[in-house]
Amino acid sequence: MRNIINYGGILRHGIPEFRLDRYILDKQIEKILSLGIEVKYGVSLGKDYLLEDLEKEYDAIFLAFGANISSKMGIQGEDLEGVYGGNELLENNTHPDYTNKKVAVIGGGNVAMDTARTIKRRGAEEVTVIYRRAEKQMPAEQKEIEDAKKEGVKFLFQTNIVKVLGDKKVEKIECIKTELIKKEGETREVPVDIIGSNYEMPMDYVVMAVGSKVEEKLVKSLGVDLTPKGNIKIDENYMTSKNKVFAGGDLSGTKATVAWASRSGRDASVKIMEFLER
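The notes below deal with the structure included here. (Residues numbered from 1 in each chain as written. Predicted model: local features only at pLDDT ≥ 70, side-chain atom pairs only at ≥ 80, totals over all residues. Heavy atoms only, no water.)

1. Let's talk about the overall build of the protein chain
So, step 1. The helix and strand inventory of the protein chain stands at eight helices and 13 strands.
So, step 2. Over its C-alpha atoms, taken along the principal directions, the protein chain stretches across nearly 65 × 50 × 35 Å.
So, step 3. By the burial criterion, 42% of the 278 residues in the protein chain qualify as buried.
So, step 4. Expressed as a percentage of contacts within the protein chain between residues at least 6 apart in sequence, the contacts between residues at least 24 apart total 61%.
So, step 5. Roughly 16,100 Å² of accessible area belongs to the protein chain as shown, and the carbon and sulfur atoms make up 49% of that amount.
So, step 6. Of the side chains in the protein chain, 43 bear a positive and 45 a negative charge, and the two mean positions are spaced by 2 Å. (Helix = DSSP H or I, 4+ residues; strand = E, 2+ residues; numbered from the N terminus. Buried < 20%, exposed > 50% of the residue type's maximum accessible area, 1.4 Å probe, protein only. Contact = heavy atoms within 4.5 Å. Areas by Shrake-Rupley, 256 points an atom, 1.4 Å probe, with all protein chains shown as cover. Lys, Arg positive; Asp, Glu negative; His and termini not counted. Charge placed at Lys NZ, Arg CZ, Asp CG, Glu CD.)

Here it is as structure tokens:
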């Protein structure tokens with residue numbers, strides 16, 4: 001097997017090895033490379049080449065560079081030293097020293113679980129997942145939640161973070177309790193802050209895992225239509241507003257899991273082949 005240690009993108013650098021066996025990943029990548037595709041390394045769209053360059057050279061283009069920029073909550077103190085994005089921590093492996101530290105992970109999805117478990121395994125004294133809804137409403141897979149609990153990760157449900165407090169770096173967080181209310185026209189109960197239920201918790205680090213978004217500057221530079229949420233807009237054939245330019249996966253707003261992204265790529269390839277056969 002060739003050396004493919006750096007292949008795999010988010011599958012390798014964004015999903016912890018304890019959740020995705022690297023042997024399985026390596027075998028799948030080798031299988032893909034054995035088809036005879038050409039791979040160009042160390043180049044970035046928007047820096048080393050432009051979409052216009054690809055349009056001149058190729059008959060069809062598929063954009064699938066994902067949406068892995070951590071969303072922010074827009075709360076006070078979010079820019080303090082010690083506040084991180086969960087996606088970036090996992091992808092870039094740029095963790096601080098968690099030894100004897102208290103860490104709050106904000107969110108309820110798989111990224112929150114991956115981040116919390118990774119941080120706990122790296123020696124944090126205490127890791128607390130804070131989620132504004134009830135446990136049954138968490139988007140993370142139930143197995144991931146249970147595994148996190150078994151590994152010592154704590155959970156605070158129906159709790160929201162309203163401030164990160166500290167001078168230059170994180171010292172504590174201010175939280176507020178929430179109640180779930182069924183609003184008219186809504187199919188899902190929504191969390192509403194309980195006035196006066198605020199309290200503070202000492203904290204060393206805060207990790208935001210409340211969702212992800214596309215790299216806004218890059219996407220806007222492509223000259224394709226975008227959805228109201230900033231994803232690349234595609235039609236039923238996965239084609240963007242530019243002829244012969246297709247997109248899929250998280251970039252186009254697909255459900256943010258590896259399985260859905262893979263299916264999106266598979267289905268898009270069928271549409272691209274149909275396009276090329278016209």
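Read on, since the account is not over.
2. Quick word on a negative patch on the surface
So, step 1. Taken together, the side chains of E38, E52, D53 and E57 define an acidic patch exposed on the protein surface.
So, step 2. Relative to the helices and strands, E57 resides in helix 3 (residues 51-57).
So, step 3. Of the residues examined, E57 reaches a relative accessible area of 53% and is grouped as exposed. (Patch = residues over 30% accessible without salt bridge, like charges linked within 9 Å, V, L, I, M, F, W, Y side chains within 5 Å. Salt bridge = Lys/Arg side-chain N within 4 Å of Asp/Glu carboxyl O.)

3. Details of the environment of M273
So, step 1. Turning to its location among the elements, M273 is positioned in helix 8 (residues 258-276).
So, step 2. The exposure class assigned to M273 is partly exposed, which follows from its relative accessible area of 46%.
So, step 3. Through-space distance from the C-alpha of M273 to that of A60 is 9.2 Å; in sequence the pair is 213 residues apart.

4. Some points on the environment of Y199
So, step 1. Positionally, Y199 belongs in strand 10 (residues 199-202).
So, step 2. Taking the C-alpha atoms as reference, Y199 lies 8.4 Å from I173; in sequence the two are 26 residues apart.
So, step 3. Those residues within four positions of Y199 in sequence are excluded, and the remaining contacts are L156, T159, I173, E174, C175 and K177.

5. Some thoughts on the pairing of strand 8 (residues 172-181)
A regular strand carries its side chains on alternate faces of the sheet.
So, step 1. Pairing analysis gives six bridges linking strand 7 (residues 159-165) to strand 8, with the strands arranged antiparallel. Residue pairing across strands places L165 opposite K172, the latter belonging to strand 8.
So, step 2. Counted along the chain from strand 7 to the antiparallel partner strand 8, the turn is six residues long.
So, step 3. Looking at chain direction, strand 8 and strand 10 are connected through four bridges and run antiparallel. Along strand 10, the bridge assignment pairs E174 with E200. (Pairing = 2+ DSSP bridges.)

6. Here we look at the pattern of salt bridges
So, step 1. The tally for this structure, following the rule as stated, stands at 19 salt bridges.
So, step 2. In this structure, D114 and R19 form a salt bridge, with 2.6 Å as the shortest nitrogen-oxygen distance. With a gap of 95 residues between them, D114 in helix 5 (residues 110-121) and R19 in the loop between helix 1 (10-13) and helix 2 (22-33) connect regions that are remote in the sequence.
So, step 3. Looking at R19, the relative accessible area reads 27%, which means it is partly exposed.
So, step 4. For K242, the salt bridge identified is with E55, shortest N-O distance 3.3 Å. Placement of the pair is K242 in the loop between helix 7 (216-221) and strand 13 (245-247) and E55 in helix 3, with a sequence separation of 187 residues. Taken as a pair, K242 and E55 share a single burial class, namely buried.

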